[in-house]
Amino acid sequence: MSHSTAPASRPRDTLGTHDVVNQPAPRAGHDLWAGDAILRTHAAHAPEAPLAEFGAQIGSAQMREAGRLANRHAPELVSFDRAGRRLDEARFHPAYHQLMEAGLGRGISSAAWTGAQAGHSQHAAMAYMFSQVEPGVVCPMVMTYAAVPALAADPALEAVWRPKLTAGAYDPSIAPVEAKRAATLGMAMTEKQGGSDVRANTTRAEPDGAAYRLRGHKWFCSAPMSDGFLTLAQADGGLTCFLVPRWLEGTRNAIHVMRLKDKLGNRANASSEIEYHDALAWRLGEEGQGVKTIIEMVHHTRLSTAIAPAGLMRGALDEAVWWCESRTTFQRRLIDQPLMKTMLADMVLDLEGTLALGMHMARAFDGGSETDRAFARIGVALAKYLGNKLCPGFVYEAMEALGGVGYTEETPMPLYYREAPLNSIWEGSGNVICLDVLRTLMRDAGAGEALQGELATARGGSAAYDRALDAHLERWPRLCEESEARHFTESMATLLTASVLLRHAPDAVAQGYAATRLEPGARGRSYGAAEPGDVDALLARVRP
Ligand SMILES: Cc1cc2nc3c(=O)[nH]c(=O)nc-3n(C[C@H](O)[C@H](O)[C@H](O)COP(=O)(O)OP(=O)(O)OC[C@H]3O[C@@H](n4cnc5c(N)ncnc54)[C@H](O)[C@@H]3O)c2cc1C
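Computed from a predicted structure; not experimentally measured. (Residues numbered from 1 in each chain as written. Predicted model: local features only at pLDDT ≥ 70, side-chain atom pairs only at ≥ 80, totals over all residues. Heavy atoms only, no water.)

*Asks:* Before we go on, may I ask you to explain the state of the cysteines in this structure?
*Replies:* Within this structure, the stated rule accounts for 0 disulfides. Cysteine C221 remains unbridged, with the sulfur of C139 as its closest cysteine sulfur at 9.4 Å. Relative accessible area serves as the criterion here: at 1%, C221 is assigned to the buried category. No disulfide involves C434; its nearest neighbouring cysteine sulfur is the one of C480, lying 8.7 Å away. Judged by its relative accessible area of 1%, C434 is buried. (Disulfide = S-S within 2.5 Å. Buried < 20%, exposed > 50% of the residue type's maximum accessible area, 1.4 Å probe, protein only.)

Put into C-alpha cells, the structure is as follows:
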C-alpha cells in the first residue's frame with residue numbers, strides 16, 4: 001500500500017489504506033503584512049517599510065518553527081550551580097532567543113521612543129503580528145516598551161536605562177546594565193494578598209544611603225531574566241515605585257526566583273514567584289507616588305493587551321479559512337458551504353472591529369494633542385475590555401472549523417486557545433477595567449469629552465449606530481451604578497468600535513458590524529447566529 005497524498009478527485013475504490021486525501025496541507029510561513037488587508041487598512045497611517053519587513057520575517061516558516069519549539073521546550077528554573085551557589089536563572093530553548101532577537105531587533109520595543117513616525121502604531125502592529133506566531137515572548141518585549149515612559153520620573157535613572165531599552169537589539173548576557181548593549185525591563189506589582197489592589201502590598205523598602213533595600217515577595221513576576229523590574233514597595237512615605245536591577249557590579253542582586261508558574265498557556269514565557277532579600281533598589285519618583293509612577297507603564301502595556309487579542313483572532317481565523325478553502329464535505333468545499341460562510345463572515349466583523357479599535361488607540365498614543373492623550377486614557381481600557389472578552393469564544397469557533405484536527409497540538413489552535421484568556425487577566429482584569437472606566441469618566445472630564453467627540457463624529461453613518469448611541473445616552477445620561485459597569489463598558493466599547501469602523505473600514509464591514517452588534521436582538525449568542533450582510537465581501541477581507 002502506498003503512502004501518498006492522492007488528489008481529492010481520485011475514485012474511492014482505487015485508494016490504498018494510507019493514501020491521504022482531502023486533508024489540506026499544513027500552512028507554512030506566510031507574509032503577515034502583505035497577506036493582511038485588514039491590517040494594511042488600519043495601519044495605513046504608519047510607515048509601510050518597517051511593517052512590511054517585519055511581517056515578512058516574523059511570518060516566515062523559520063519563525064513559526066521557532067515559535068513551536070519555544071512552546072514545546074518551556075523555560076526551566078535553575079536555582080543553584082553545582083556548588084550550591086544561587087543562580088536564580090530561567091533557562092530557555094535557543095528558539096526563544098531567536099524570537100526575542102527578531103522582535104527586539106526589528107524595533108517592537110523601541111520604535112515608539114526613537115522618533116520613528118507613528119511609533120506606537122508600529123509597536124501595536126508588530127505586537128499584533130508577533131502574537132500570531134508566538135504570543136508568549138511578546139510579554140517581555142511589551143514590558144520593555146512600556147517601562148520607558150515611567151523612567152521619566154527619575155532623569156538620572158532614565159539616562160542610564162532608556163538608551164539600553166530603546167537600543168533595538170537583544171542582549172541576554174548576564175551583566176550590569178551599564179555594560180550591556182541592550183536591556184529589558186519587567187514589572188513586579190502583584191503579591192499574594194492582593195494583585196488588583198496593590199495598596200495591600202507588604203514588601204518593605206528601607207533607605208540605604210542613596211538607594212533602598214527591599215524585603216518581601218511578589219506572587220507574579222513574568223520574564224524574571226529581565227535586566228530589572230519596576231516594583232512597588234512600602235516606604236515610610238507610602239507605596240513607592242522602585243527600579244530593582246537584576247545585576248549589580250560584580251554580583252547578583254538579592255532577588256530569589258522561588259519557582260516558575262505552571263501555566264495554562266503562555267508557555268514560552270517564564271512567569272515566576274520571587275522574593276527580595278534586602279535587594280538593592282533605586283527609587284523611581286517620590287515616596288508615596290508609586291501608583292502614579294507605575295501607571296505610566298500599565299497604561300502602555302494596556303495598549304498591547306488591547307491589540308494582542310486581535311493577533312490571536314487573526315491567527316486562528318487564518319487557519320480556519322485556510323482549512324475551509326481546501327477541505328471538502330458533502331461534495332462542496334467548506335468555504336462554499338452557506339452556513340460555514342455565514343459563520344466565518346460573522347467572525348470577520350469581530351476581528352476587524354478588534355484590530356481597528358486597537359490600531360485607532362495606537363494612533364491616539366501617537367497623537368501629540370491633549371485631546372489625543374485624554375482619549376487614549378479612556379479608549380485603551382474600552383479596547384482592552386471588549387477585545388479580550390471576545391477572544392476566547394472566537395478562537396474556539398475557529399478551532400471547531402477545523403473539526404477534530406483543530407483540537408490537536410499539530411495545529412496552532414491549542415496555542416491560541418490557551419493564550420486567549422490571558423490578556424484579559426493581567427494589566428487590570430475585566431471587572432477592574434470596567435471600574436477604571438467609571439473612575440476615569442468620573443474624574444477626568446477631558447477623557448469623557450474626547451470619547452463623546454469620537455462617538456459623535458460617526459453619527460449619520462448608519463441608522464443602527466445613531467439609534468444605539470441615543471439608547472446608550474438615554475439609559476446612562478451620566479454614569480452607571482458600579483453593578484452595571486460591565487454592561488456600560490461593553491455598550492460603550494461596542495459603540496466606539498462601530499464608530500471607528502464607520503470612519504475607516506469598507507462599507508460591508510462597518511454596516512455589517514452596526515447592524516449585527518448594535519441592533520437589539522439582531523444576533524444570537526454564537527458566531528453565525530446573525531445575518532452579517534455581504535458575506536462574500538466580508539470573507540474577501542481574510543481569504544488568502
Ligand atoms: C501568566 C501571568 C503573568 C503575570 N505576570 C505578572 C507580572 O509580570 N507582574 C505582575 O505584577 N503581575 C503579573 N501577573 C499578575 C496579574 O497582573 C494579576 O493576577 C491580576 O492583576 C489580578 O490580580 P489577582 O490575581 O491578585 O486577582 P484579584 O485582584 O484578587 O482579583 C480577582 C478577581 O476579582 C475581580 N475584582 C477585583 N476587584 C474587584 C472589585 N472591586 N469589584 C469586582 N470585581 C473585582 C478582578 O477583576 C478579578 O477577576 C501575571 C498573571 C498571570 C496570569
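That covers the picture; the talk isn't over yet.
*Asks:* I keep staring at the packing of aromatic side chains and nothing clicks. Help me out?
*Replies:* Any pair of aromatic rings gets described here by the distance separating the centres and the angle formed by the planes. According to the stated counting rule, one finds 7 aromatic pairs in the structure shown. A centroid spacing of 6.2 Å and a plane angle of 75 degrees characterise the contact between W219 and F220, whose relative ring orientation is edge-to-face. Residue class for W219 comes out partly exposed when judged on its relative accessible area of 26%. Over the aromatic face of W219 sits the side chain of K261, whose NZ or CZ is 3.3 Å from the ring centroid. In this arrangement the basic side chain of R523 is found over the ring face of Y527, its NZ or CZ atom lying 4.9 Å from the centre. (Phe/Tyr/Trp six-rings, centres within 6.5 Å; stacked < 30°, edge-to-face > 60°. Lys NZ or Arg CZ within 6 Å of the ring centre and 35° of its normal.)

*Asks:* Just checking my understanding: could you explain the confidence of the model for the chain for this structure?
*Replies:* Caution applies to low-pLDDT parts of the model: their predicted coordinates are not meant to be read in detail. Across the chain, the average pLDDT comes to 96, with 98% of residues at 70 or higher. This model gives residues 1-6 a pLDDT under 50, and the stretch forms 15 contacts once residues within four places in sequence are excluded. (pLDDT = per-residue confidence, 0-100. Contact = heavy atoms within 4.5 Å.)

*Asks:* Any chance you could explain the pattern of salt bridges here in plain terms?
*Replies:* Proximity of charged atoms lets side chains of opposite charge pair with each other. Counting across every chain of the model gives 36 salt bridges. Note that D88 and R86 form a salt bridge whose closest N and O atoms lie 2.9 Å from each other. Residue class for R86 comes out partly exposed when judged on its relative accessible area of 32%. Put simply, E454 and R503 hold a salt bridge, and the shortest N to O gap is 2.8 Å. (Salt bridge = Lys/Arg side-chain N within 4 Å of Asp/Glu carboxyl O.)

*Asks:* In this structure, what is going on with empty space enclosed by the protein? I would like to understand it.
*Replies:* Any empty space left between atoms is shown by rolling a water-sized probe over those atoms. Taken as a whole, this structure holds 3 cavities of 30 Å³ or more when the rule is applied. Within this model, the largest cavity holds a volume of roughly 60 Å³. If you trace the largest cavity, you find it lined by A306, D350, G353, T354, L357, A383, L386, G387, L390, T497 and Y513. Those elements that place two or more of their residues in the lining of the largest cavity are α9 (338-366) and α10 (370-401). Split into classes, the residues belonging to the lining of the largest cavity amount to 6 nonpolar, 4 polar and 1 charged. (1 Å grid on protein atoms, 1.4 Å probe; cavity = no way out; pocket = protein on both sides within 12 Å on 5 of 7 lines; lining within 4 Å. Points joined across faces, edges and corners; volume = space filled by probe spheres on them. Helix = DSSP H or I, 4+ residues; strand = E, 2+ residues; numbered from the N terminus. Nonpolar A, V, L, I, M, F, W, Y, C, P; charged D, E, K, R; others polar.)

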